[in-house]
Amino acid sequence: MMTSIDEGRRYLAERLADTVAKALEADLASRERVLLVVSGGSTPKPFFSALASKALPWSRVDVTLADERWVADDDADSNARLVRETLLVGLAAEACFHSLTTDDDTPETGVEAVSARVAALPWPASVVVLGMGGDGHTASLFPDSEQLATALETTEATVAVRAPSVPQARITLSAARLADAHLHVLHINGEDKRRVLADALGGDDARQLPIRTFLAQPIATYWAP
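Sequence order sets the numbering: in each chain, residues are counted from 1 along the sequence as written. Reporting of local features is limited, given that this is a predicted model, to residues whose pLDDT is at least 70; pairs of side-chain atoms are given and counted only at 80 or more, and all residues count toward the totals for whole chains, interfaces and linings. For the side-chain quantities, the full set of heavy atoms in the structure was used; hydrogens and water were omitted.

The name given to the chain in an unreviewed UniProt entry is 6-phosphogluconolactonase, and the organism recorded there is Chromohalobacter marismortui. In the Sequence similarities (unreviewed entry) part of its UniProt record, the chain is described as follows: "Belongs to the glucosamine/galactosamine-6-phosphate isomerase family. 6-phosphogluconolactonase subfamily." UniProt positions are given in the numbering used here, feature names are shortened, and annotations may be inferred rather than shown by experiment. Quoted verbatim from the Catalytic activity (unreviewed entry) field of UniProt, the annotation for the chain is "6-phospho-D-glucono-1,5-lactone + H2O = 6-phospho-D-gluconate + H(+)".

As for the layout of surface pockets
Residues are said to line a cavity or pocket when one of their atoms sits within 4 Å of a point; the points come from a 1 Å grid over protein atoms alone, cavities being sets where a 1.4 Å probe fits but cannot get out and pockets being open sets with protein on both sides within 12 Å along at least five of seven lines. Grid points are joined across faces, edges and corners, and a volume is the space filled by probe spheres set on the points. Computed from the structure, the largest pocket encloses a volume of approximately 410 Å³. Taken together, 24 residues form the lining of the largest pocket, with G40, G41, G131, M132 and H137 sitting closest to its centre. Put simply, DSSP H or I for four residues or longer makes a helix, DSSP E for two residues or longer makes a strand, and each gets a number counted from the N terminus. For the lining of the largest pocket, the elements supplying multiple residues, two or more each, are α2 (45-52), β3 (67-69), β5 (125-130) and β8 (181-189). Among the residues forming the lining of the largest pocket, the class breakdown is nine nonpolar, eleven polar and four charged. Throughout, the ten residues Ala, Val, Leu, Ile, Met, Phe, Trp, Tyr, Cys and Pro are labelled nonpolar, Asp, Glu, Lys and Arg are labelled charged, and all others, Gly among them, are labelled polar.

Brief notes about the packing of α2 against helix α3 (residues 79-86)
Lines fitted to C-alpha atoms define the axes here, with helix axes fitted over just the stretch in contact, and angles between the N-to-C directions of these axes take values from 0 to 180 degrees. Packing of α2 against α3 brings their axes to within 9 Å, and their N-to-C directions diverge by 40°. With respect to each other, α2 and α3 are oriented oblique. Classified by chirality, the crossing of α3 by α2 is right-handed. Residue-level inspection shows K45, F48, S49 and A52 of α2 in contact with α3, the latter providing L82, V83 and T86. Any angle from 65 to 115 degrees is called roughly perpendicular, while one under 35 is roughly parallel, one over 145 is roughly antiparallel, and all others are oblique. What makes a crossing left-handed is the near helix being turned counterclockwise from the far one by less than a right angle; a clockwise turn instead makes it right-handed. Two residues qualify as a contact provided that any one of their heavy atoms is within 4.5 Å of a heavy atom in the partner residue.

Looking at the packing of aromatic side chains
Geometrically, a pair of aromatic rings is defined through the distance of the ring centres and the angle of the planes. Paired rings are identified among Phe, Tyr and Trp, the last through its six-membered ring, by centres lying within 6.5 Å, and are further divided according to the angle between planes into stacked (under 30 degrees), edge-to-face (over 60) and tilted (the rest). Going through the model one piece at a time under the given rule, you end up with one aromatic pair. Ring centres of F47 and F48 lie 5.6 Å apart, and the angle between their planes is 45°; on these two criteria the pair is classed as tilted. Neither residue differs from the other here; F47 and F48 are each classed as buried. When the NZ atom of lysine or the CZ atom of arginine is within 6 Å of a ring's centre and also within 35 degrees of its normal, the charge is said to sit over that ring. Sitting over the ring of Y11, R15 keeps its end group 4.8 Å from the ring centre. Three labels apply to residues, based on accessible area from a 1.4 Å probe with only protein chains included: buried if under 20% of the type maximum, exposed if over 50%, partly exposed otherwise in between.

Printed below as a string of structure tokens:
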């Protein structure tokens, strides 16, 4: 049985899908190919499903991730698997997906190849959809990661990341690459995330709450209880 919270989050996801589809459509009017950057986790599932039903020329849309766990594409924890199963279906199956992993054993050995792959995409992105964790991280910009300063400052497209707070090694788009977009969206659910966002808006130290990096520029926030 769907609760009022479920209904609110589904409604929010549908409105976000409308916004993203319109942004893609607007850029497609003047560009041959456009880029959509999305985030993983449980929050975007209804958004992905709603967006997948939009009648767009999906064959001209490139899709990639803000970050990824360094696991096989068919692993249960893979963001790529989530995107393939919930976004790249129906009408959106014609979109071209670009993963953030290679066959290398570690992200440190694969990061150069992934950076080249990402840099070749049609930047600036039309839309970057970010999420946020309870610790204020977004993408894989974790406050306890030794690579955070690099990810915030580098001009490279991607950074290999390890953090004590997460079990798997990861790869993330750098802050500079994530900033290169026409539209930024923050998609979050729950009172706990609302409180973290309020804290983030009250300061400017991105190393404490990395989401602050993107709050210093225009960003559309989509929140449901």
